[in-house]
Every structure is written in C-alpha cells, then in structure tokens.
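Each chain, written out:
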2 protein chains.
Amino acid sequence: MNRCFVDPIVSGGLVGGDESSKLPVGPLNILGENRTFCPILATFYFSNFQKHDMSTAKTAITPTRAEDYPEWYQQVIKGADLAENSAVRGCMVIKPWGYSLWENMQKALDRMFKDTGHQNAYFPLFIPMSFLEKEAQHVEGFAKECAVVTHHRLEPDGKGGLRPAGPLEEPLIVRPTSETIIGATYAKWVQSYRDLPILINQWANVVRWEMRTRLFLRTAEFLWQEGHTVHATADEAMEETRKMLDVYTDFAENFMAMPVIRGEKTPGERFPGAVTTLSIEAMMQDRKALQAGTSHFLGQNFSKAQEIKFQSQAGQIEYAWTTSWGVSTRLIGALIMTHSDDDGLVLPPRLAPTQVVLMPIYRDEQQKADVMAYCESLCKQLQAQRAFDEPLRVEIDRRELRGGEKKWYHVKRGVPIRVEVGPKDMANQAAFVARRDTGESRSMPIAMLVESIGEQLKSIQDHLFAKALAMREANTVELANEKEFRAYFQPDDEQGRSVGGGFAKCWFSSEQEVQGLLDELKVTIRCIPLDAAQGTGTCFVTGKPATTQAIFAKAY
Amino acid sequence: MNRCFVDPIVSGGLVGGDESSKLPVGPLNILGENRTFCPILATFYFSNFQKHDMSTAKTAITPTRAEDYPEWYQQVIKGADLAENSAVRGCMVIKPWGYSLWENMQKALDRMFKDTGHQNAYFPLFIPMSFLEKEAQHVEGFAKECAVVTHHRLEPDGKGGLRPAGPLEEPLIVRPTSETIIGATYAKWVQSYRDLPILINQWANVVRWEMRTRLFLRTAEFLWQEGHTVHATADEAMEETRKMLDVYTDFAENFMAMPVIRGEKTPGERFPGAVTTLSIEAMMQDRKALQAGTSHFLGQNFSKAQEIKFQSQAGQIEYAWTTSWGVSTRLIGALIMTHSDDDGLVLPPRLAPTQVVLMPIYRDEQQKADVMAYCESLCKQLQAQRAFDEPLRVEIDRRELRGGEKKWYHVKRGVPIRVEVGPKDMANQAAFVARRDTGESRSMPIAMLVESIGEQLKSIQDHLFAKALAMREANTVELANEKEFRAYFQPDDEQGRSVGGGFAKCWFSSEQEVQGLLDELKVTIRCIPLDAAQGTGTCFVTGKPATTQAIFAKAY
C-alpha cells in the first residue's frame, strides 16, 4: 500500500498537534518514490467516525461501527489479539497484548493507591455460604450468580469417568466480591481506635455467573482490584469513598484519556448493602453509558453483619464505618469502545504496552544489515527519551513479514506511533512516522523525531481525550418532558442496535415514578452528577416539582 | 534496652563485612550515654543458631528454633505480621508485610521471565472435569484434592438459610494447575511451526485441597506463577525446561540468598504427567529439604491429550512438545526458614519491602521537630542512593511508640538495617546503625552511612547466602550403607520433631528397592543433582552396582 503523508508546515504538524491537525489542509508535498499523494487514502486516514460511515474506503475491521457496533467491538478485540472466549462458559482468555494493557493499568492504579496510603494484601478465594447470608441486601444481590463449591475431590464414577466426591459440610462460594470474608478478618484485627484506619486493597479474580457474557464487559470470571477500608467515623469513611472516586477519575481521564462524569447512584442502582454508591460514568462511541468504577460508603451495614467493633478514644465500644471500591478488566472494554475506530484498536500512549514501533524495511540482506543497525541505534536513542515521566516503551518489529502486513498488524493493535525505516530514510537521516489516532504520517528527520517523541505521545494522549470529550458533549442534552425523552431514546432497531440517544439530563422527583418509562425504553439512571445543577425543576415524567437532576442513558 | 556496638576498625566494620564480621573481636569502644558495652547482649546479638540454643538470653520469638521448630515458624510469621489463617479451612490471609514481600518476588521473577522472552497472559480459574480426565497420570495426581463447583446459584432453603441451586451440566474444577485448560487453548492457537514457540506465563491463584495445611508451606489456596510453553522439537522444549530451572536458581540464590541444589526428580517424584521434572532443593535450618521450584519437560503427553498439533516446516502434522514450570508463595516459607532467627524474620535486602528504617528518638516537642527534620533530610539522601541497581527502599517510622517497641517491631519484621536518630546523633552529624543479620550496631557519621548504604545492604545479602551455604555444607554427608543411613536419619522424637539428619548423598540402583526404607524413615529422594558424581557406586540398600547418586532428605 502506498504511503501518504502531510507536510507538517501546512497541516500543523505532529508535534503539539491539536484537533485541527486531524484534517489535511493546503497543498501537500510529495517526497521520494512510492510516496504518492492519494486523495482516497487521505480521506481514509483523516476521516472520523461520522465521515467514515459515508465513505467506501476499505477498513481493517469488518463490520464498521456504523454497520454493526456490537460485532465491530468483537472484531476489534480479535484484530488486536486482546482476548478470546475459553472452553469454560463465560470465562475469557486474556491474551498477551490484552494482559500487558491490564498490567499497565494495574501499575498506574497501584501507584495511586499506594500514594494515597493503601497497602495490598490477599484474602481467600472462597466465602463460606453462611458469611454471605449475614448481610441481607448483599446476599440478595449476589445469590443468583454464584459459583458454588460443594465437593473437595473427584472419584471414579464406575463408568470410566469421574464424579464429585467428598461433600463439604458447608458449601463455599467463589467470591463475587469480598466484603464478607474481608470483613470477618477485619473483625479480628480491629479492637481499638488505634487500629484504625485500615486501608487495604486486593488484586484478585472474582466470579459472577452472568448468563449473557461479552469479552471484558461482562464475563463470569474477571480480574479486578477491590479496596476495603475501615474507619472510626462516618465522615472519615465518606471522605475515603470520595477520595477513591477522585483516584478513579484521575486514572480514567489522565491515563485512559476517557472523560467521565462523577456522580452518586440512586437507591435502585446502589451496590447491594451500600449506603451510598459513587460512580464514574463514561460515554462509549455508540452513545451508551458504561459504569467504569464504583466507590461505596457502606456505613455500618457490614461492620454490624461482621461485628467489626472498636473501643473509641472515649472508651465506648462502637461499630466501625467501612468502604469498598473497585475497577476491573471491564475498563479494557471501556477503553476499546472510547477510542477505537474502523481500523481497530486505538490505545492512549500512557497505557500502550508499546508506544512506538520501529518497522525496518529492506529488499535484500545487505539492506537488511544496514537498516537493522540503523533501527537499533534509533531504538536506543528513543528508549533514552521519556514520555509521561517514564522511559519510553519502544520496540523493533524484526519479523520477516511484508511491510503492509506489519503495518496493519500494529494499526489493529493500536500502537500510538509507527516508524518505518527504509534505505532512503536512512540516506536522509530520516524516518517515516505515522500517528495511529489521526492517521497522519510524514517523513521526519531522526533528530526531530527523537527530540519530539515525548511531545508527540502527549499530543496523542491529549487529542484522544479531547475527541472523546467532544463526542460526549455533542451527545448530551437536557430533556424537559416525556415526549422529548421518548423521541431521544428511540427503541433499538430490528437488529437490536441502539438508535440515537446519548446522555440526557433530566429533573425527576422519584425513582419509582420514572421506573416504568425507563424499563420500557431500556434506559437507566446513570448517576446524579456531583456537579449537577442546584435548585429545582420539574419531573420530566410526572411534572411534579423536583430537586434532583440526573444523567439518563442506555448502558452497558 | 541498652545499645551495644562494635568498633568498625576492630571488628571489620559494617562496610563490606564478611563472615568474620559476625563476631566481635578485640577491644570495644564505648560512645555516648546509654551506650554501654554489655557482654550478654553482645553474645545475644552475635550468636548463631547453635550458640544461641545454649544461651539463656531472652529472645523475641518464643519458642526458639531449638525448643520447637514448627511452632517457632508459626511465631515468626505472627511476629512479622506476614499472614494468618482465615475462616476458610486451609486458606490463608496474606497480610500487607507478607504481600509486599510477594510483590517484590513477583517483580524480580517477572523481569527475568520477560528477559527470557516470555509474556504474561491469563486463563480461566475453572477447568471442566472432562479436561482433567484426558491425561491419565495428571488426573490421578490431582483428583484427590480438587475443589469442585457443581452449582451456579443459591436459593432459599425454606428454613431461613440458603442452599446451592442451578446444578451445572458438567462440574468445574478450581484449577490445581493449568496444563489442561491452557493446553486446550494452545490447541487452537497452534497450527503451523510458524506459531511456535509459545512462551507464556500466568500469575494466578490455584487450589489444592490439602488435608494438613501450614501457612505458606502448604495451603489449600496459594498464589503462584505457572509458565506454559510449546515447542516444535523435544530438544527445544528440554532446553526451555533447563533454562527456567536456571532462572529459578538465579532467583533463589541471588534474590532470596538461598543456596539450592539443581537436579532431576526420580520417576516416583515427578509431576503427574511429566516426562522429566527438574527442581531446586534448599535446606532449611532444621536440615529438612524444601522443594523451591520445579520445571517440567512434558514431552508430548499433554499435546496428545489436548491435540496440540502443528504442520512442520517439512509439511508433516506433528504433536508439539510442551513444558511447564512454577514457583509459589511457598517460597516465602522457604525464605523464613532459611534466614530467620530466634528474634524473628530476617529478610535478604534485595527482597525486603523496607531495606532501611529510620527511627527518630526524642523526648519533647522541640526535640521532635528537630529530629524529624533531620530524619527527613537523611531519608531523602538515602533514597537518592541505589542498592542492587535499584533505588533504595527507605522509610521513617513516625509512629508515637517507645523506642524499644519500635525497634523490636522492625527486628521481628526482618528489616535489614535500622537507623536510630536522636538529639545526640544529630549533634554529632551521626546516626546509630544496626544490622539485622549479625546484630552488629554502631554509631556512624551520616556521610559515611549515606555513602556506604548500598554496600552495607550488599554485604548483608552476601552474608545471608554464605551463612546458609555453610549451614548446608556442614549438614551434607555421603552415606555408603543402610546402617549409616539409619543412624543419620533417626526417627523424629516423641514431640514429632526432626532429630539429626540433613542431606545425604547415596548411590542407589532402583527407586523401588529403596522405597521401603525411605517410607519407614520418612525420607525422600530429593533429586539427582545435575552436577552429581559421575561413574558408579554401590547401592546403599542392596549393595548392587549403581550408576546414580541422589540427595536423600526429610522434606517439607
């Protein structure tokens, strides 16, 4: 495939590029053989979602977002080699590229947790059934989707196969979340106010027996972190709950480049057993909401169920106040649906396992030796640079593949910057640089590439955030009444695809009174934003006076 | 408690200290008030295991190793706050100090795996029962200790409680190890020789329903890593098996400071389903062996059971060759029993979560402000230093506790270097420095402390290794016949404690022919060392000619 490029001078360039740099403007320079300007490809490279739908350019992912969004999502995952379904119902295999993305997420979050005073620990995979029973709402929320261990060995079944044997006295539940088993442990650790606060996080796998699963978004087993803290006062626990929502917001916006709305869940949407549930909500490219992280103020509900008591400074025995908060591999699903395009995955540089890939191009062994040496040297120079205050993650793709194959391999995997180096580039002390987010590509002197690489990555990171924010703002409306609401949230089309919609800000007076309409339209209350409009309005369903404005949306 | 110290000039000092630096020699200088030389304490500080048993000094851990080794082990864990038993039978809670030790182990191992070309991925927690059945020896090895999931929800039992409901069509096994489920996935990934090798590692929890459990050493659930690789040829797979044994050896000796013997398991001790099992074996302070890591050449056993086939370069369809290798949180048990003493945990600096702890000492608020400022400055200077090519891990203990309490807290947790800073130290631009491994302590100018800290930590690391190696060498013998063997491996005493024994090198001709004696004495063949004596000998039981010399020992 021919390579297209844009003169940095007329296009605004790669360095510090802003929104406007997405589109080529003015005349285009043409450099070198095999590098001809190609208007169709330029449209392709620089198209955005909406434009692309109307074009007929071939895309790396079939179907496109516009054709079939849910299937596009599966194909992006397949094309990027992130994960696949396993032989075990609802459980996924997270493949190396997907897992290294998760490792980068873990690393960033773990640093944030430690910087806010938390330590990691590890608690049992199993929860005795009787522990779940202690908190009524909690068990109500999880009983219907539990993996239950009932036996502790296998024995021959007499027909050449095996059968479970050694029944347990009490069944064990594979943890769907660990409030109860961790709470039982904390009850032993907490005696006095001097033992508080307890600020602990756990990285673990959990199991919720979902009937309809989808890679990353909803799987029977998933990986997550769950923070569990204990405090002497309600205020301190509530402060922790808010602080961890801030940490999640920081992570979503500054690492994932995914803008989120911070808010409080309505009673009907709370975590089972929580007094207050806070969440961050993101808009996907099909305008549906995705809950990306939750932080719960549990009041004394779990400390009463688990007997977490302490002697206060005044000498009284009091129940402690607890919180829990978590994010999971679901964030990978959110990341995919926020940034990816019809050519596959687009990764924010801050989390990309490889930020820059070098692709040597050569025709024979002599060229190969020269180009490889040149690449090795360039790789070292780039690795000595920093981006986001960390060493750059650069790789050379040494595989013997055709150039086009290599290129599309990395496009589909979302590597932020691809650098092609051939004999001509070498002769010019240059390299051919392509940005995954905008599709811009150009020849660039090596010195400039090395010097600007950190800035280029930052520019991509910023651009992805700005684009996602613009998308959300363009698809957020205020709706005053049921008629507007019905027009905005049309039913899914005959293929089950979402039509229209987005985020709607509406006043309402009672969750119960709007629930019927929401169920009918498959819309949910996402949250009451922390920065929601103050004052009063009119309930969009009943017309009654209302003091609460919330975000309504269809959701994952 | 008074502080004792040794003149660096006469003792060999802390910097670059060698074996001889363990014992004070020559005259001792006495500096400052409250710092009197105390012969009893000196004996205490500088005693080794054997000496200590004869002394009457008070120890931080009760009982001592000599009094009751198994109970000492539990008390070291408790004193260091590493882990505890949970409410779930056989499952442990790994507490923050224990978990951060595991994190450091993971970090070092993960780096080594990646440096040898491996990537991480994640596979399901559950294994369908039918998968286990496919490899006959494998299921034989694990069927008796499986947690079996048979239901996927809970329902009211009509008596106010819950009962399992929603029976599964096929029971699921909580993975005891993942050869079968990973193999089933690899069968889909591998089509051609071009897809090989596959070099993947997984960090995960596994469950083996052990009837008798002990923290870290043997728990129903434990954390581990399991590498699973696929190769086109037997030679390549065998080379991988050996390479990973080398990685484990490097980790055990250079990070854990734990000398190991590398060897091959006899057929009776192999991993169920393996063709060859290699292991590293370490000697604990009670002279029992502990298998610290295993690397298995699986031949084509699992590829035949799981249908992992590929088209070779010659166009033939062939079964692939696989390996697996793993280490677990059991290593923490090995670490404890290799280095700890009667005052608690001793950590090798390379893995210690905190390498240096600063303990400010003051009497009033004015002193506190000055001392704290001095400590903060010292902390920054130390953090700017490096040890083992990494930034130093230094902490200030800011808690309001008596000096003695603080000191013993960190002694029991095994922090390699403790630094006390009081007003007098400040006035002298000095600090009082104590080494956990030897107990040596002395006043030292700040400049010298900062400059030498990396060397001091290295000296501790080296000393721990040398001490453990000396211990193993002093307790390894060659035995020629059954009489010597019986005398060496006396039965445990009436309290079930091991008496005498160690590692015995013996020639033998047949595993079957020695098994009766081994069972009687509770001795096992640990391994045939890779560097075992070549040539021939005489079987120590039958007197027959023998070509194999192995290490025999009682074992964990």
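Heads up: the structure comes first, above all this text.
Computed from a predicted model, the values in this text were never measured in an experiment. (Residues numbered from 1 in each chain as written. Chains lettered and ligands numbered in written order. Predicted model: local features only at pLDDT ≥ 70, side-chain atom pairs only at ≥ 80, totals over all residues. Heavy atoms only, no water.)

**A short note on the overall build of chain A**
Then step 1. When helices and strands are tallied, chain A shows 17 helices and 27 strands.
Then step 2. Residues classed as buried in chain A amount to 59% of the 556 residues present.
Then step 3. Contacts in chain A between residues at least 24 apart in sequence constitute 71% of all its contacts with a sequence separation of at least 6.
Then step 4. Here chain A has roughly 22,300 Å² of accessible surface; of this, 50% comes from carbon and sulfur atoms. (Helix = DSSP H or I, 4+ residues; strand = E, 2+ residues; numbered from the N terminus. Buried < 20%, exposed > 50% of the residue type's maximum accessible area, 1.4 Å probe, protein only. Contact = heavy atoms within 4.5 Å. Areas by Shrake-Rupley, 256 points an atom, 1.4 Å probe, with all protein chains shown as cover.)

**Considering the nonpolar core**
Then step 1. A:Phe126, A:Val174, B:Phe126 and B:Val174 are the most contacted members of the largest nonpolar core, which totals 79 residues.
Then step 2. Dropping the residues within four chain positions of it, B:Phe126 is found in contact with A:Val88, A:Cys91, A:Ala147, A:Val174, A:Val207, A:Trp209, B:Val149, B:Leu172, B:Ile173, B:Val174 and B:Ile181. (Core = buried A, V, L, I, M, F, W, Y, C linked by side-chain atoms within 4.5 Å.)

**Section: the relation of the copies chain A and chain B**
Then step 1. Here chain A sits on chain B after a turn of 180° about the axis and a move of 0.0 Å along it, with an RMSD of 0.0 Å. The symmetry that links the two subunits is that of a two-fold axis. Identified as the residue of chain A closest to the rotation axis by C-alpha distance is A:Val149, at 2.1 Å.
Then step 2. Of the interface residues in chain A, 100% have counterparts in chain B that sit at the interface too, so the contact is made through matching surfaces. (Least-squares fit on C-alpha atoms with pLDDT ≥ 70 in both.)

**Remarks on the side chain of A:Ser192**
Residues and elements named next belong to chain A.
Then step 1. Note that Ser192 resides in the loop between helix H8 (179-189) and strand E7 (198-207).
Then step 2. Of the residues examined, Ser192 reaches a relative accessible area of 12% and is grouped as buried.
Then step 3. In this structure the side chain of Ser192 is engaged in a polar contact, spanning 2.9 Å, whose partner is the backbone nitrogen of Arg194.
Then step 4. The residues contacting Ser192, other than those within four sequence positions of it, are Phe310 and Gln311. (Polar contact = N/O pair within 3.5 Å; in protein donor to acceptor, adjacent residues only side chain to side chain.)

**Regarding the pairing of strand E24 (residues 524-529) of chain B**
Residues and elements named next belong to chain B.
Then step 1. Alignment of strand E9 (residues 261-264) against E24, held across two bridges, turns out to be antiparallel. Bridging from a neighbouring strand, Glu264 pairs with Ile528 of E24.
Then step 2. Relative to strand E27 (residues 548-553), E24 runs antiparallel, the two being bridged by three bridges. Bridge assignment links Thr524 to a residue of E27, and that residue is Ala553. (Pairing = 2+ DSSP bridges.)

**Observations concerning the side chain of B:Thr180**
Then step 1. Tracing the backbone shows B:Thr180 in helix H8 (residues 179-189).
Then step 2. B:Thr180 has contacts with B:Ile127, B:Phe131, B:Leu132, B:His138, B:Phe302 and B:Gln306, leaving out every residue within four places of it along the chain.

**A closer look at the state of the cysteines**
Then step 1. By the definition in use, this model includes zero disulfides over all chains.
Then step 2. The thiol of A:Cys527 is unpaired, and the distance to the nearest cysteine sulfur, on A:Cys506, comes to 13 Å.
Then step 3. In this model B:Cys91 remains outside any disulfide bridge; the closest cysteine sulfur is found in B:Cys146, 14 Å from its own.
Then step 4. Taking the relative accessible area as the measure of exposure, B:Cys91 reaches 1% and is therefore buried. (Disulfide = S-S within 2.5 Å.)

**Points about the packing of aromatic side chains**
Then step 1. Summed over the entire model, instances satisfying the criterion amount to 40 aromatic pairs over all chains.
Then step 2. Taken together, a centroid distance of 5.0 Å and an interplanar angle of 80° make the contact between A:Tyr488 and A:Phe489 edge-to-face. The same class applies to A:Tyr488 and to A:Phe489, which are both buried.
Then step 3. Between B:Phe297 and B:Trp321, the aromatic rings sit 6.2 Å apart at their centres with planes inclined by 5°, giving stacked as the arrangement. Within this pair, whereas B:Phe297 is found in strand E11 (residues 289-297), its partner B:Trp321 is found in strand E14 (residues 321-328), the two being separated by 24 residues in sequence.
Then step 4. Residue B:Phe297 is classed as buried on the basis of its relative accessible area of 8%.
Then step 5. Members of the aromatic cluster, each reached through a chain of ring pairs, are A:Phe485, A:Tyr488, A:Phe489, A:Phe508, A:Phe540 and A:Phe552.
Then step 6. Looking at A:Lys288, its charged tip hangs above the ring of A:Tyr556, at a distance of 5.1 Å from the centre.
Then step 7. Against the face of A:Phe255 rests A:Arg350, its NZ or CZ located 3.9 Å from the ring centre. (Phe/Tyr/Trp six-rings, centres within 6.5 Å; stacked < 30°, edge-to-face > 60°. Lys NZ or Arg CZ within 6 Å of the ring centre and 35° of its normal.)

**Topic: the sheet that holds strand E22 (residues 476-478) of chain A**
Residue and element names in this part refer to chain A.
Then step 1. If you trace the eleven strands from one edge of the open sheet to the other, you get E3-E7-E8-E14-E11-E10-E9-E24-E27-E23-E22, paired in mixed fashion. Edge positions in the open sheet fall to strand E3 (119-120) and E22, since each of these has one partner strand only.
Then step 2. Taken together, the five bridges between strand E23 (residues 503-508) and strand E27 (residues 548-553) define a ladder with antiparallel strand orientation. Note that in E27 the partner of Trp507 across the bridge is Gln549.

**Looking at the interface of chain A and chain B**
Then step 1. Tallying the contact residues gives 61 residues for chain A and 61 residues for chain B.
Then step 2. Carbon and sulfur atoms make up 69% of the surface buried where chain A meets chain B, a total of about 4,900 Å² over both sides.
Then step 3. Counting across the chain A and chain B interface gives four salt bridges.
Then step 4. One salt bridge in this structure joins A:Glu103 and B:Lys114, with 3.2 Å as the shortest N-O distance.
Then step 5. Viewed at the interface, chain B and chain A are joined by 32 residue pairs in polar contact (both at pLDDT 80 or more).
Then step 6. Element by element, the count of residues in the side of chain A that touches chain B is highest for strand E6 (residues 162-174) of chain A, at eight residues.
Then step 7. Among the residues making up the side of chain A that touches chain B, the classes are represented as 38 nonpolar, ten polar and 13 charged.
Then step 8. As defined by bridge partners, strand E5 (residues 148-156) of chain A adjoins strand E5 (residues 148-156) of chain B across three bridges and the pair is classed as antiparallel. Along E5(B), the bridge assignment pairs A:His151 with B:Val148. (Buried area = accessible area lost by both parts, 1.4 Å probe. Salt bridge = Lys/Arg side-chain N within 4 Å of Asp/Glu carboxyl O. Nonpolar A, V, L, I, M, F, W, Y, C, P; charged D, E, K, R; others polar.)

**Notes on the packing of helix H4 (residues 69-80) of chain B against helix H11 (residues 330-339) of chain B**
Residues and elements named next belong to chain B.
Then step 1. Where H4 meets H11, the axes come as close as 11 Å, and the angle between the chain directions of the two elements is 110°. Looking at the two axes, H4 sits roughly perpendicular to H11. Here H4 and H11 pass one another in a crossing that is right-handed. On H11, the residues that touch Tyr69, Trp72, Tyr73, Val76 and Ile77 of H4 are Gly333, Ile336 and Met337.
Then step 2. Here the contact of H4 with H11 is built from residues that sort into seven nonpolar, one polar and no charged. (Axes fitted to C-alpha atoms, helices over the stretch in contact; angles between N-to-C directions. Parallel < 35°, antiparallel > 145°, perpendicular 65-115°, else oblique. Left-handed = near helix turned anticlockwise from the far one by under 90°.)

**As for the sheet that holds strand E19 (residues 417-421) of chain A**
All names here are of chain A.
Then step 1. With respect to topology, five strands assemble into an open sheet ordered E18-E15-E19-E20-E21, the strand pairing being mixed. Here the strands that pair on one side only, and so sit at the sheet edges, are strand E18 (394-396) and strand E21 (441-445). Ignoring which end each strand starts from, the neighbouring axes of this sheet average 25° apart.
Then step 2. In the packing of helix H12 (residues 365-383) onto the sheet, contacts are made with strand E15 (356-360), E18, E19 and strand E20 (430-435), and the angle to E15 comes to roughly 170°.
Then step 3. Along the sheet, helix H15 (residues 446-474) makes contact with E15, E19, E20 and E21, crossing E21 at roughly 145°.

**Side note on helix H9 (residues 234-255) of chain A**
Then step 1. Counted at 1.5 Å a residue, the expected span for H9(A) with its 22 residues is 32 Å, and the 31 Å between its end C-alpha atoms agrees.
Then step 2. Listed in full, the buried residues belonging to H9(A) are A:Ala237, A:Met238, A:Glu240, A:Thr241, A:Met244, A:Leu245, A:Val247, A:Tyr248, A:Thr249, A:Phe251, A:Ala252 and A:Phe255. (Expected span 1.5 Å × (residues − 1).)

**Section: the pairing of strand E19 (residues 417-421) of chain B**
Residue and element names in this part refer to chain B.
Then step 1. By the criterion of burial, E19 is predominantly enclosed, with five of the five residues buried.
Then step 2. Residue alternation in E19 divides its side chains into two sets, Ile417, Val419 and Val421 and Arg418 and Glu420, and both sets are buried.
Then step 3. Alignment of strand E15 (residues 356-360) against E19, held across five bridges, turns out to be parallel. Bridging across to E19, Val356 finds its partner in Ile417.
Then step 4. In terms of strand pairing, E19 meets strand E20 (residues 430-435) through four bridges, oriented antiparallel. Looking at E20, one finds that Ile417 is bridged to Arg435.

**Notes on the pattern of salt bridges**
Then step 1. According to the stated counting rule, one finds 52 salt bridges over all chains in the structure shown.
Then step 2. Two residues, A:Arg413 and A:Asp81, come together in a salt bridge whose shortest N-O distance is 3.4 Å. Within this pair, whereas A:Arg413 is found in helix H13 (residues 403-413), its partner A:Asp81 is found in the loop between helix H4 (69-80) and strand E1 (83-85), the two being separated by 332 residues in sequence.
Then step 3. The exposure class of A:Arg413 is buried, given its relative accessible area of 11%.
Then step 4. Owing to a relative accessible area of 29%, A:Asp81 belongs among the partly exposed residues under this scheme.
Then step 5. Between B:Lys265 and B:Glu281 there is a salt bridge, and its shortest N-O distance comes to 2.7 Å. Within this pair, whereas B:Lys265 is found in the loop between E9 and strand E10 (276-283), its partner B:Glu281 is found in strand E10, the two being separated by 16 residues in sequence.
Then step 6. By relative accessible area, which is 2% here, B:Lys265 ends up buried.
Then step 7. Taking relative accessible area as the criterion, B:Glu281 reaches 1% and is therefore assigned buried.
Then step 8. Three or more residues joined by partner-sharing salt bridges are found here, namely A:Asp81, A:Glu84, A:Lys95, A:Arg413 and B:Lys188.

Purely geometric numbers; function is a separate question.
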